Every structure is written in structure tokens, then in C-alpha cells.
Amino acid sequence: MAISDEQFDRVATTVITGFLGSGKTTLLNALLTQDGMETTAVLINEFGDIGLDHLLVREISEDIVLLNSGCICCSVRGDLISGLRDLFVKRTRGEIPKFNRVIIETTGLADPAPILHTLMTDPLLTTKFRLDSVVTTVDAIHGEGQLDAHPESIKQAAVADRILMTKADLVNDATRIQLETRLRALNPAAPIYAVINGDIAVSKLFNAGLYDPTTKSMDVQKWLHDEAYEQHGDDTHGHDHDHHHDHDHGEHHHHAHSDAHGHSHDVNRHDDHIRSFCITFDEPIHWDAFVTWAEIFTQMRGESLLRVKGILNLVGEENPVAIHAVQHVFHPPASLPAWPSNDHRSKIVFITKDLGPQVIRESLYHLNAAVSETSENGAVS
């Protein structure tokens, strides 16, 4: 569970996702022209018989591997695995230049979760590649309508580490602010950048994971960014059972969003089912309690856990443990070498669908109390 230097030697992997027409290929073309991107390998997933995307990219880079099986989903995860394995084998044999980063571009209709699951769980890939960032493009012109009509676009924004509002120059300030406000409610921690013609520095998009290869260290605070959830107003504490009772056990969104003019949106829209919050525990957590909680929630409500990140203060452990999950898949935990600050509380940030903080907090609290009681009784006997 401890972190080794091998973590930093794994190939950083960035997933670029976003709805149809939101500018993913334009972004990729622009990124590949920047200094330092010569050693980047790209995997593209085509949709249907459309082949323009990879032709455009190929003009910039010849080191392209194509996934030609349509929309990336569970049925074609094998193609993603074989594509990445093939890349690494060719790299090892010297058949292609040594690359230090992989970019995976999904189709506009893709649910990004299966890609993240693959990167987090495949036995070979987890030893050679590490998920660094999820970058989501959102069309400033059509973004509101796509969020209303297509649940995929909601999930793409919710799991992002970076959100790029493309075509920002083609809308007025009120439209841009309204969309940005909506995206911020979906995903408080992800920086939102307005982008024109894919023009953005790679430094703003990469090194968003737990590991920073430039310093050979971990930036837990930047990765977790729990203060963004507190500013968003959904911070809830394990010791305070009366805090945020207005969440009505978290099963429904507790307020209506308003646009830039103060008008309420339709309460039935897709993102009114999405919640973002941070749960904090003052007392150390038993690892057995957390594992039991994770197994129960991933089996029973895995589809509702869009993304989970956390740093845990565990009973009997001096150093913290980092955890990361996407829906029903938890990444192997990592024992960190030290606490990032003097605050040693457990903090877990969630982006969920139809699942609020109270039911999560209370279930973990009671499981932890039960394990603690069992441990104390065992010690006495």
C-alpha cells in the first residue's frame, strides 16, 4: 500500500472527454503542437464510420494508435487494454519513440467511467500507466442544452479534473457565467478555463493527479481540493449529527439552481440529481470499517458514486492513506509518506447521483463505531 518511486515512473495518462462537437479534436490538435508534446502517444476512439478526427491528428503526429470499435464502453474495454499494452510493448522494444504521456480521446457519446475503471484495475496497465487527469470540454454555445438533454454530458463534467469551456468567444457574458455556475455546482473542485480554438497551455491540464513527476512528490491538497467543497456549502462533519439536516437524508437535491438573472431552472433536469460534498471525520477511522463501507456502497449504490477522493486518518497508522474511486471501482489505496498539513482529519470528497452526504456519513460513522466497539471488547477479553 506504500508509495514507491515506481509510481512516478508510470506513464501519465490523460483522458479527454466531452460531448459531440465540443472541441475535443481541436483541443488535441492544439496541444500536440506545443513544446514537450513530441513524446506523447495518443489513442483515439472513432464513432461510427467518421474518420476525420484521426486524419486531422495524424497530420501533427504519426505515433497514433486508433481504437476503431465505436463508442468506448464496457464492451470495447478490451480494445483499450490491448491498445495500451501494444503501445508499451512497442515502446519497450524501441519500435516507437519512448513516450512519457498518453492521451486518450473518447467519443462525444462516451461514458468516461469504463475508461477510468480500466486504468485503475487492469493488472498490467496499473503497473505501467497512472491516471493523471480527466479533461472535459463543454461547448459554451450548446452546453446548457446538452446538459439538459444528455446524461452523458453531466457525467463527463462531474468526473473531470479540468473543465474547458470551448467557443467561449461566441457567447455573451451572461451565457458564459450561467454555464460556468452550473458546471461549478456539478464539480466544485475542477478549474474551469474558457478556451478559444483549443488554445490553452498543457501545464494547466496535466499533473492533476496525486503524483507530481516534476518534483517527484505528492501534492495532496491540490489533488483533493476539499476546500472547494466547503466553499460550495456542502461540507459535513462526522461528529456533528445535526449538521446539514436540510439534506433530507441526501436522496434529493435540496435546492433549485438559479441562472444569472435569478430565474430557477426546471427541477427535473439531469444535474439536479448530482451532489458534491466533503465529509470530514475528526476521529481516526478503522480500515476494516472503511473497507466494509466501500464494499457495501460500491455493490449497492456504485452507479451513484460518480467520483470519490479522500485522505484517511486510520487507527494504528501514523501516516495518511489516499483513496480514489469511480463508481463501483476503488483504486488500490496508497499510504502517503506524511500528512500534507497539521490537519490530520479524514476528509473524503464525493460527487454523487441521487445520494447525499447524510446517508454516507452516518453509515460510515456507525460502521466505524461498531468496529471500534468490537476491537475494545476483544482487547478486554
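Residues numbered from 1 in each chain as written. Predicted model: local features only at pLDDT ≥ 70, side-chain atom pairs only at ≥ 80, totals over all residues. Heavy atoms only, no water.

Novice: Lay out the overall build of the chain with the relevant residues and their values.
Specialist: The number of helices and strands found in the chain is 13 helices and 16 strands. For the chain, the proportion of contacts with a sequence separation of at least 24, taken over those separated by at least 6, is 78%. Accessible surface computed for the chain: about 16700 Å², of which carbon and sulfur atoms make up 50%. (Helix = DSSP H or I, 4+ residues; strand = E, 2+ residues; numbered from the N terminus. Contact = heavy atoms within 4.5 Å. Areas by Shrake-Rupley, 256 points an atom, 1.4 Å probe, with all protein chains shown as cover.)

Novice: Report on the pattern of salt bridges, specifying residues and quantitative values.
Specialist: Counting across every chain of the model gives 17 salt bridges. Look at the salt bridges and you will find they share partners, linking D173, R176, E180 and R184 into a network. (Salt bridge = Lys/Arg side-chain N within 4 Å of Asp/Glu carboxyl O.)

Novice: For the confidence of the model for the chain, give the residues involved together with the corresponding values.
Specialist: On average, residues of the chain score 79 in pLDDT, and 75% of them are at 70 or above. Per-element averaging of pLDDT across the chain places helix α3 (residues 52-58) at the bottom with 48 and strand β6 (residues 162-166) at the top with 97. Below a pLDDT of 50 lies the segment residues 238-265, which in the model reaches 60 contacts outside its immediate sequence neighbourhood of four places, other chains included. (pLDDT = per-residue confidence, 0-100.)

Novice: Give a description of the nonpolar core that names residues and reports values.
Specialist: In this structure, I163, L183, L186 and Y229 are the most contacted members of the largest nonpolar core, which totals 31 residues. Going through the elements one at a time, α8 (151-158), β6, α9 (173-186), α10 (220-224), α11 (226-232), β11 (274-281), β12 (305-312) and β16 (346-353) are the ones with two or more residues in this core. Sequence-distant contacts of L186, that is, excluding residues within four places in its chain, are made with L147, I154, A157, D271, I274, S276 and I351. The next biggest cluster of nonpolar side chains, apart from the first, holds 25 residues, and it includes V15, L80, L87 and M120. (Core = buried A, V, L, I, M, F, W, Y, C linked by side-chain atoms within 4.5 Å. Buried < 20%, exposed > 50% of the residue type's maximum accessible area, 1.4 Å probe, protein only.)

Novice: Please set out α8 residue by residue, giving values where relevant.
Specialist: For α8, the buried fraction is high: 6 of the 8 residues fall into the buried class. Every buried residue belonging to α8 is among S153, I154, K155, Q156, A157 and A158, and all of these are buried.

Novice: So, the packing of aromatic side chains: which residues are in play, and what are the values?
Specialist: Scanning the entire structure with this criterion turns up 7 aromatic pairs. For the pair W287 and F290, a centre-to-centre distance of 5.8 Å together with 25 degrees between the ring planes defines the contact as stacked. Within this pair, W287 and its partner F290 are both found in helix α12 (residues 287-301), separated by 3 residues, close to a single helical turn. A relative accessible area of 29% places W287 in the partly exposed class. Pairing F290 with F330 gives two aromatic rings, centres 6.0 Å apart and planes at 85 degrees, and the pair type is edge-to-face. Pair noted here: F290 is in helix α12 and F330 is in strand β14 (residues 329-330), with a separation of 40 residues, a long-range link. (Phe/Tyr/Trp six-rings, centres within 6.5 Å; stacked < 30°, edge-to-face > 60°.)

Novice: How would you summarise the pairing of strand β1 (residues 11-18) if you had to cite specific residues and measurements?
Specialist: Of all 8 residues in β1, 8 are buried, a share of seventy percent or more. Burial along β1 is two-sided: V11, T13, V15 and T17 and A12, T14, I16 and G18, pointing in opposite directions, are all buried. Where β1 lies against strand β4 (residues 101-105), 5 bridges are found, and the strand directions are parallel. If you follow V15 over to β4, its bridge partner there is I104. (Pairing = 2+ DSSP bridges.)

Novice: Describe unusual backbone geometry, naming the residues involved and giving the relevant values.
Specialist: A negative phi angle characterises most non-glycine residues, just as the trans form characterises most peptide bonds. Phi at N197 takes a positive value of approximately 55 degrees, unusual for a residue other than glycine. Within the secondary structure, N197 sits in the loop between β7 (192-195) and β8 (211-212). Judged by relative accessible area, which is 64%, N197 ranks as exposed. The phi angle at D354 is positive, at roughly 55 degrees, despite the residue not being glycine.

Novice: Describe the environment of R130, listing the residues and the values that go with them.
Specialist: You can see R130 is positioned in strand β5 (residues 129-139). A relative accessible area of 6% means that R130 is categorised as buried. In the structure, R130 is positioned 29 residues away from R101 in sequence and 9.6 Å away in space, judged by C-alpha atoms.

Novice: I'd like a rundown of the pairing of β11, residues and numbers included.
Specialist: Of all 8 residues that make up β11, 8 are buried, and the element is covered over most of its length. Taking every second residue as pointing to the same face, both faces of β11 are buried, with I274, S276, C278 and T280 on one and R275, F277, I279 and F281 on the other. Relative to β16, β11 runs antiparallel, the two sharing 8 bridges. The residue bridging F277 from the neighbouring strand is F350, located in β16.

Novice: Give a detailed account of the side chain of R162, specifying residues and quantitative values.
Specialist: Position of R162 relative to the elements: it lies in strand β6. For the buried R162, which has no salt bridge, the nearest side chain bearing the opposite charge is D161, at an N-O separation of 5.6 Å. Excluding residues within four positions of it along the chain, R162 makes contact with V134, V135, T136, A190, P191, Y193, K204, L205, F206 and A208. (Lys, Arg positive; Asp, Glu negative; His and termini not counted.)

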